[in-house]
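Single-letter residue listing:
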Amino acid sequence: MERSLSMELVRVTEAAAVSASRWMGRGLKNEADDAATTAMRNVFDTIPMQGVVVIGEGEMDEAPMLYIGEELGTGQGPEVDVAVDPLEGTNIVAAGGWNALAVIAIADKGNLLHAPDMYMDKIAVGPEAVGKISLDATVTENLHAVAKAKNKDIGDIVATVLSRDRHAGIIEEIRAAGARIKLITDGDVAAAINTAFDETGVDIMFGIGGAPEGVIAAAGLKCLGGEIQGRLIPEDDAQRERCEKMGIDVSQILYMDDLVKGDDAIFAATGVTDGELLRGVQFKGGYCETHSLVMRSKSGTIRFVEGRHSMEKKPLLVMQD
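Rules of the game
- Residues numbered from 1 in each chain as written.
- Predicted model: local features only at pLDDT ≥ 70, side-chain atom pairs only at ≥ 80, totals over all residues.
- Heavy atoms only, no water.
- Helix = DSSP H or I, 4+ residues; strand = E, 2+ residues; numbered from the N terminus.
- Rg over C-alpha atoms; globule rule 2.2 N^0.38 Å.
- Buried < 20%, exposed > 50% of the residue type's maximum accessible area, 1.4 Å probe, protein only.
- Contact = heavy atoms within 4.5 Å.
- Areas by Shrake-Rupley, 256 points an atom, 1.4 Å probe, with all protein chains shown as cover.
- Lys, Arg positive; Asp, Glu negative; His and termini not counted.
- Charge placed at Lys NZ, Arg CZ, Asp CG, Glu CD.
- Pairing = 2+ DSSP bridges.
- Axes fitted to C-alpha atoms, helices over the stretch in contact; angles between N-to-C directions.
- 1 Å grid on protein atoms, 1.4 Å probe; cavity = no way out; pocket = protein on both sides within 12 Å on 5 of 7 lines; lining within 4 Å.
- Points joined across faces, edges and corners; volume = space filled by probe spheres on them.
- Nonpolar A, V, L, I, M, F, W, Y, C, P; charged D, E, K, R; others polar.
- Parallel < 35°, antiparallel > 145°, perpendicular 65-115°, else oblique.
- Left-handed = near helix turned anticlockwise from the far one by under 90°.

Caption draft 1: Examining the overall build of the protein more closely. From N to C terminus, the protein includes nine helices and 13 strands. Since a compact globule built from 321 residues should have a radius of gyration of about 20 Å, the 19 Å found for the protein is in line with a globular shape. Seen through its C-alpha atoms, the protein measures out along the principal axes to roughly 55 × 45 × 40 Å. Classification of the 321 residues of the protein by burial places 55% in the buried group. By sequence separation, contacts in the protein at least 24 residues apart represent 70% of the contacts at least 6 residues apart. With the model as given, the accessible surface of the protein reaches about 13800 Å², and the carbon-plus-sulfur share is 46%. Of the charged side chains in the protein, 31 are positive and 51 negative, and the gap between their average positions amounts to 5 Å.

Below you can see the structure in the form of structure tokens.
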């Protein structure tokens with residue numbers, strides 16, 4: 001892939017984040033998602049690439065969302081798989097909460113798992129604990145493995161878990177082991193990525209979330225030298241049959257190279273609301289400020305990008321009620 005795509009993708013996530021942030025705290029999650037999607041699509045149309053959405057917001061008949069199979073880019077340049085979440089955390093934005101992101105991941109054509117829209121059991125860690133964890137191990141065993149890898153006492157370890165009834169057993173076991181917990185309402189892409197940055201204070205992520213988000217997080221962690229493992233959890237026969245058609249054994253663990261093949265992936269995210277790693281969009285009157293992260297696995301480059309955007313010169317970023 002062209003290295004210039006890294007900064008081009010930041011333009012996409014910046015536009016989506018600014019548009020979505022206009023809806024923060026207004027209780028209108030669908031409107032926020034629509035705003036992010038429209039902005040993302042508009043900027044994608046200017047990028048020199050031949051992209052196809054393999055992870056998006058739905059199938060073709062669910063437009064105007066960025067649907068699976070949609071072609072993005074100018075039609076010139078590298079052929080790439082695209083995974084998008086224009087607004088990871090629609091409920092977060094609606095409530096004015098923490099850690100909402102606009103997120104994109106791309107890889108060479110055929111290198112992203114076309115994850116079906118179903119649940120996935122996941123575990124994620126940063127670089128120090130790579131190879132030390134297993135989805136087949138107990139929560140307690142994984143916590144102790146991470147503590148040893150990071151030279152920490154078990155009481156210093158922080159695990160992030162989505163606050164869901166289905167995670168009651170995981171939460172109980174984390175507490176019994178003596179580790180600490182950061183419960184989140186939504187946004188497990190951010191939760192997974194945070195494990196690779198010391199400043200977030202997060203050491204490991206556990207729990208069941210969306211499979212598409214698992215692939216996006218895997219692209220980010222591949223850039224960071226971290227690790228995520230997943231196992232698909234079909235809820236009915238139709239989902240199980242879909243996995244079989246894709247050649248996925250739902251009893252097997254999906255490792256990094258199953259989720260994102262090859263050595264070249266690009267991940268970009270812009271904060272919509274404030275989080276541990278990225279600040280949310282801030283409006284200053286005639287301009288707004290954004291805070292983004294963009295990474296490429298092939299080069300190992302990690303960039304934090306601070307942007308200042310003129311609202312007068314970018315009228316499409318001004319919300320239309």
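Caption draft 2: Looking closely at the sheet that holds strand S6 (residues 158-162). With respect to topology, five strands assemble into an open sheet ordered S7-S6-S8-S5-S9, the strand pairing being mixed. Every interior strand has two partners, whereas the edge strands, strand S7 (180-184) and strand S9 (227-233), have only one. Averaged over neighbouring strand pairs, the angle between their axes works out to 15° when direction is ignored. By the bridge criterion, three bridges tie S6 to strand S8 (residues 204-210) in an arrangement that is parallel.

Caption draft 3: Focus on empty space enclosed by the protein. Following the criterion strictly, the structure yields two cavities of 30 Å³ or more and no others. Of the pockets and cavities examined, the largest cavity occupies roughly 70 Å³. What lines the largest cavity is simply Asn99, Leu101, Ala190, Ile193, Asn194, Phe267, Ala269, Gly275, Leu277, Leu278 and Leu293. Those elements that place two or more of their residues in the lining of the largest cavity are helix H6 (188-194) and strand S10 (265-271). Among the elements that line the lining of the largest cavity, the one with the most residues is H6, at three residues. Along the lines of polarity and charge, the residues of the lining of the largest cavity split into eight nonpolar, three polar and no charged. Size it by volume and the second largest cavity reaches roughly 40 Å³. Along the walls of the second largest cavity sit Thr160, Val161, Leu162, His167, Ile184, Asp188, Ala191, Met205, Phe206, Gly207, Ile208 and Gly209, which together make up its complete lining. Elements that contribute at least two residues to the lining of the second largest cavity include exactly S6, H6 and S8. At five residues, S8 tops the list of elements feeding residues into the lining of the second largest cavity. When its residues are assigned to classes, the lining of the second largest cavity shows seven nonpolar, four polar and one charged.

Caption draft 4: Summary view of the layout of surface pockets. When its volume is computed, the largest pocket comes out at roughly 890 Å³. Lining the largest pocket are 37 residues, with Glu57, Asp85, Asp117, Gly210 and Glu213 sitting closest to its centre. Mapped by element, the contributors of at least two residues to the lining of the largest pocket are helix H2 (29-44), strand S1 (50-55), strand S3 (79-88), helix H3 (90-95), S8 and helix H7 (211-224). The element contributing the most residues to the lining of the largest pocket is S3, with four residues. Its residues assigned to classes, the lining of the largest pocket shows 13 nonpolar, nine polar and 15 charged.

Caption draft 5: Region of the structure containing the packing of helix H4 (residues 139-149) against helix H5 (residues 168-177). Where H4 meets H5, the axes come as close as 9 Å, and the angle between the chain directions of the two elements is 50°. Between H4 and H5, the angle falls in the class oblique. The two elements H4 and H5 meet at a crossing, and its hand is right-handed. Note on element contacts: H5 touches H4 through Ile170, Glu173, Ile174 and Ala177, opposite Val139, Thr140 and Leu143. When the residues that make up the contact of H4 with H5 are grouped by side-chain class, the tally is five nonpolar, one polar and one charged.

Caption draft 6: Spotlight on the environment of Met118. Relative to the helices and strands, Met118 is located in the loop between strand S4 (101-108) and strand S5 (119-125). According to the relative accessible area criterion, Met118 is buried, its value standing at 5%. Along the sequence, Met118 and Gly225 sit 107 residues apart, while their C-alpha atoms lie 26 Å from each other. Setting aside residues up to four positions removed in sequence, Met118 forms contacts with Gly209, Gly210, Ala211, Pro212, Leu232, Ile233, Pro234, Gln239 and Cys243.

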